[in-house]
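Reading the structure
In case you want the letters, here they are:
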Amino acid sequence: MARLDVTEIFHGISFPGHLHTQDSLQLALKFQFQETDILIASYPKSGTTWMQEIVTLISSRGDPHLSQTVPNWTRAPWLEQYYSAAVMKVPSTTPRFITTHLPHHLLGPALQRSKAKVIYVSRNPKDVAVSFYHFHKMAKFLPEVDSFPEFLTRFLNGTLHFGSWFDHVKGWTSQTVTLNLLHITYEEMSMDLHGTIKRVSSFLQCPLLEDELHNSVKHCSFSSMKDNQMINYTLIPDEIMDHSKGYFMRKGQIGDWKNMFTEEQNQYFESIFSSKMQDCALEFVWEKQD
Ligand code: PPS
């Protein structure tokens, strides 16, 4: 399945045809969630892979064997991608880890009928935009990008692949009452990984002993994950991800947007952000705090 230049438009949102078909997207909306399922939902570049590693290590009680032998897309497949039906045998007696980049307005109806645990991961959108821009340069299944200003405009008006960041974040985070949902931010993971893993493990009803927690923290660090072939995407051939153009595990920092945004771009961003987020009380961490 190459289809590197194919775009699937589904409910008005573009998805890379390399990983999605109309059928796979449609099937995701009809997915029968089980009470034991654990769903990681996120807009791309928000810390998805990091959370996949965290839930793997929690379920393995800090033992890295699974995370070092099975690729993340097999451990926690994306529900809407074409291969997921084959990976997820239903029904399952053990908890299934599932990932999605779909917005809540598409996946919500399927989840409404279940008690599945949802972990929503968000990240400050300036860093998301920068990370996504760099990822477009290496991922050959995403459209070619020209300049950063043009990319930023498309990010802000919601016309990039995977749709609008604003709709995604507002849609999912407004569901803390209707769904069994835990909202975790990239910045929390970055500033307090130990505390975050503890929170996630208690949400998953899998509390860890201190040494299990310590091992989980160790194997979820940026340097550990950057060296782990099962999570750093180096298993993907250059024809699909051009590793000479950058790394998936790129910088892993809060506030990298400051190295990219001009003052003018920042003002433009702020004006769109404040108008689109006026109905939302979420607060974001924009730079590393000492
Ligand atoms: S994707 O393509 O949607 O699955 O990408 P996603 O995993 O959501 O986001 C990738 C960014 O997360 C960073 N990352 C980490 N940062 C710090 N520590 C750890 N352990 C970690 N794991 C992943 C990764 O480097 C990407 O961010 P940038 O800013 O590009 O470095």
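Above this text you will find the structure in question.
Here is a short report on the structure shown in this document.

What counts and what doesn't
Residues numbered from 1 in each chain as written. Predicted model: local features only at pLDDT ≥ 70, side-chain atom pairs only at ≥ 80, totals over all residues. Heavy atoms only, no water. Near = heavy atom within 4 Å. Polar contact = N/O pair within 3.5 Å; in protein donor to acceptor, adjacent residues only side chain to side chain. Areas by Shrake-Rupley, 256 points an atom, 1.4 Å probe, with all protein chains shown as cover. Helix = DSSP H or I, 4+ residues; strand = E, 2+ residues; numbered from the N terminus. Nonpolar A, V, L, I, M, F, W, Y, C, P; charged D, E, K, R; others polar. Pairing = 2+ DSSP bridges. Axes fitted to C-alpha atoms, helices over the stretch in contact; angles between N-to-C directions.

What to know about the site of the ligand
The ligand sits among 21 residues. The nearest are T48, T49, S131, Y186 and K251. In this structure, S46 approaches the ligand through a main-chain N or O atom, which is 3.0 Å from an oxygen atom. The side chain of S131 places a nitrogen or oxygen atom 2.7 Å from an oxygen atom of the ligand. In the complex, the protein chains occlude 97% of the 640 Å² of accessible area that the ligand would expose alone. Elements supplying a minimum of two residues to the shell around the ligand: α2 (48-59) and α13 (222-227). Looking at the shell around the ligand element by element, the count peaks at three residues for α2. A class-by-class count of the residues in the shell around the ligand yields nine nonpolar, eight polar and four charged.

Some words on the sheet that holds strand β4 (residues 97-100)
Each strand in a sheet pairs with its neighbour through backbone hydrogen bonds, running either in the same direction (parallel) or in the opposite one (antiparallel). Spatial ordering of the open sheet is given by β4-β3-β5-β6, a layout of four strands whose pairing is parallel. The two strands at the open ends of the sheet, each matched to only one other strand, are β4 and β6 (180-185). Neighbour-to-neighbour, the strand axes of this sheet turn through a mean angle of 20°, independent of strand direction. Sheet topology note: the strand β3 (residues 38-42)/β4 ladder contains four bridges and is parallel. Note on β4: the bridge partner recorded for A41 is T100.

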